[in-house]
Amino acid sequence: MRSSVKPSHPASDNLKDALTRRTRQVWRPRVGRDLSSEDARQIAANVSSFFSVLAEWSRAQMPSPANDTGKPDAFDNGEGRHDR
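Predicted model, so just to flag it, every value in this text is computed and none were measured.

A. Quick peek at the pattern of salt bridges. Counted according to the given criterion, the structure contains four salt bridges. The partner of Arg 28 in a salt bridge is Asp 34, with the nearest N and O atoms 3.1 Å apart. When its relative accessible area of 37% is taken as the criterion, Arg 28 is described as partly exposed. Assessed through its relative accessible area of 47%, Asp 34 is described here as partly exposed. A salt bridge links Asp 39 to Arg 33, with the shortest nitrogen-to-oxygen separation between them at 3.2 Å.

B. View of the environment of Arg 28. Relative to the assigned elements, Arg 28 resides in helix 1 (residues 10-31). Expressed as a C-alpha distance, the spacing of Arg 28 and Ala 40, which sit 12 residues apart in the sequence, is 9.3 Å. For Arg 28, the residues in contact, after removing those within four places along its chain, are Arg 33, Asp 34 and Leu 35.

C. Representation of helix 1 within the structure. With 22 residues, helix 1 extends 30 Å from end C-alpha to end C-alpha; this agrees with the ideal 32 Å at 1.5 Å per step. Just downstream of helix 1, Gly 32 is the residue with a positive phi angle, here 75 degrees.

D. Inspection of the packing of aromatic side chains at higher detail. All chains considered together, the criterion is met by one aromatic pair. Ring geometry for Phe 50 against Phe 51: centres 5.3 Å apart, planes inclined by 80 degrees, an arrangement best described as edge-to-face. Using a relative accessible area of 49% as the deciding quantity, one classes Phe 50 as partly exposed.

E. Just a nonpolar patch on the surface, in detail. Nonpolar side chains collect at one region of the surface, where Trp 27, Val 31, Val 47, Phe 50, Phe 51, Val 53, Leu 54 and Trp 57 lie side by side and expose about 730 Å² of accessible area between them. Among the secondary structure elements, those contributing two or more residues to the nonpolar patch are helix 1 and helix 2 (37-61). If one sorts the elements of the nonpolar patch by residue count, helix 2 sits on top with six residues. With respect to the secondary-structure elements, Val 47 resides in helix 2.

Rules behind the numbers
Residues numbered from 1 in each chain as written. Predicted model: local features only at pLDDT ≥ 70, side-chain atom pairs only at ≥ 80, totals over all residues. Heavy atoms only, no water. Salt bridge = Lys/Arg side-chain N within 4 Å of Asp/Glu carboxyl O. Buried < 20%, exposed > 50% of the residue type's maximum accessible area, 1.4 Å probe, protein only. Helix = DSSP H or I, 4+ residues; strand = E, 2+ residues; numbered from the N terminus. Contact = heavy atoms within 4.5 Å. Expected span 1.5 Å × (residues − 1). Phe/Tyr/Trp six-rings, centres within 6.5 Å; stacked < 30°, edge-to-face > 60°. Patch = residues over 30% accessible without salt bridge, like charges linked within 9 Å, V, L, I, M, F, W, Y side chains within 5 Å. Areas by Shrake-Rupley, 256 points an atom, 1.4 Å probe, with all protein chains shown as cover.

Here it is, written out as C-alpha cells:
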C-alpha cells in the first residue's frame, strides 16, 4: 500500500530546517529552556498568524480614496464622453 503523503521538496525542507533552527535560537533565551522542533514549529506558526492578523487589520483601516465610491460614474456607459 502506498502512502498518500507527497514527498517534500529538498529546498522546502532546507527552509523549514533553517526556520526551525532560527526559531529555536531566538526563542530559547526568552522561554528559558531548550525547545523541541515541534515547539519551534508552533511558535513560528503562531507568530506568522499574529502578523497576518495585524496585516489584515491594517488593510481594513486604510481609507479608500475620496473619489472611489465603488459605483460607476454616471457618465460611464461604455462610450467616450463628448463635450458639447
